[in-house]
Amino acid sequence: KLICLNCGEWKGIYTLKELPEDIRCKKCKAKLLTIVRPSNLKAEKIISKYLRKSKMSKEEENEFKKLLAKATLFMVYGKRAAVAFSVRGVGIEGAKRILARYLRSEDEFFESLLEAQKTFLRNRKFWKI
């Protein structure tokens, strides 16, 4: 699900396959779109608070920073960023590292994502949950 951080009004739901390479908000034509899961209703409330300049809790501010970081990566890298965010274990920092690399082909990009996922799965058992 894409939500416009500029106006907060436009929301679109796409699968990775049907996501256009160059996408903009249909209302304000901004490219600052963030990616969230369709079930994430909290993100819409946080964006709404930000646009109204309402007071946000520390947790909401941190969540907004994550939404803004995702939007920035999506604005710069487009569909590749969306693909990176869809991989289990690849968060914002992992996506930044992978997308910032010079990768000559799509195969190298997908290999990097696969390696990041393998690392996540290998190390997950050592985390305290």
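Quick note: structure is the one above.
What counts as what
Residues numbered from 1 in each chain as written. Predicted model: local features only at pLDDT ≥ 70, side-chain atom pairs only at ≥ 80, totals over all residues. Heavy atoms only, no water. Helix = DSSP H or I, 4+ residues; strand = E, 2+ residues; numbered from the N terminus. Rg over C-alpha atoms; globule rule 2.2 N^0.38 Å. Contact = heavy atoms within 4.5 Å. Areas by Shrake-Rupley, 256 points an atom, 1.4 Å probe, with all protein chains shown as cover. Lys, Arg positive; Asp, Glu negative; His and termini not counted. Charge placed at Lys NZ, Arg CZ, Asp CG, Glu CD. Salt bridge = Lys/Arg side-chain N within 4 Å of Asp/Glu carboxyl O. Buried < 20%, exposed > 50% of the residue type's maximum accessible area, 1.4 Å probe, protein only. Axes fitted to C-alpha atoms, helices over the stretch in contact; angles between N-to-C directions. Parallel < 35°, antiparallel > 145°, perpendicular 65-115°, else oblique. Nonpolar A, V, L, I, M, F, W, Y, C, P; charged D, E, K, R; others polar. Phe/Tyr/Trp six-rings, centres within 6.5 Å; stacked < 30°, edge-to-face > 60°. Lys NZ or Arg CZ within 6 Å of the ring centre and 35° of its normal.

Draft legend 1. Inspection of the overall build of the protein at higher detail. Helix and strand counts for the protein stand at five helices and three strands. In the protein, the succession of α and β elements from N to C terminus is β-β-β-α-α-α-α-α. Relative to its length of 129 residues, the protein is compact, with a C-alpha radius of gyration of 16 Å against a globular reference of 14 Å. In terms of overall dimensions, the protein has C-alpha extents of about 40 × 35 × 25 Å along its principal axes. Within the protein, residue pairs in contact and separated by at least 24 positions form 51% of the contacts whose partners lie at least 6 positions apart. Accessible surface, the protein: about 8,700 Å² in total, of which carbon and sulfur atoms supply 53%. Across the protein, the centroid of the 31 positively charged side chains sits 5 Å from that of the 15 negatively charged ones.

Draft legend 2. The pattern of salt bridges, seen in detail. Considering all chains together, one arrives at eight salt bridges under this definition. Asp-22 is the partner of Lys-31 in a salt bridge, and the nearest nitrogen-oxygen pair spans 3.0 Å. The exposure class of Lys-31 is partly exposed, given its relative accessible area of 28%. Among the residues examined, Asp-22 registers a relative accessible area of 52% and is labelled exposed. Close ionic contact of Arg-104 with Glu-108 constitutes a salt bridge, the shortest N to O distance being 3.4 Å. Exposure remark for Glu-108: the relative accessible area of 22% places this residue in the partly exposed category.

Draft legend 3. Summary view of the packing of helix H2 (residues 58–77) against helix H3 (residues 79–86). Two elements in contact, H2 and H3, have axes whose closest approach is 6 Å; the angle formed by their N-to-C orientations is 135°. Judged by the inter-axis angle, H2 sits oblique to H3. The residues of H3 that touch H2, namely those facing Lys-70, Leu-73, Phe-74 and Tyr-77, are Lys-79, Arg-80, Ala-81, Ala-82 and Phe-85. Tallied by class, residues from the contact of H2 with H3 come to six nonpolar, no polar and three charged.

Draft legend 4. Summary view of unusual backbone geometry. Despite not being glycine, Lys-29 has its phi angle at roughly 65°, a positive value. With a phi close to 60°, Lys-53 is a non-glycine residue in the positive phi region. Counting through the fold element by element, Lys-53 comes out in the loop between helix H1 (41–52) and H2.

Draft legend 5. Geometry of the packing of aromatic side chains. Throughout the structure, instances matching the rule amount to two aromatic pairs. Their ring planes at 25° and their centres at 4.1 Å tell us that Tyr-50 and Phe-64 sit as a pair that is stacked. In this pair, Tyr-50 is assigned in helix H1 and Phe-64 in helix H2, connecting sequence segments 14 residues apart. The ring of Phe-85 carries Lys-70 above its face, with NZ or CZ at 5.3 Å from the centroid. The ring of Phe-109 carries the charged tip of Arg-80 above its face, separated from the ring centre by 4.5 Å.

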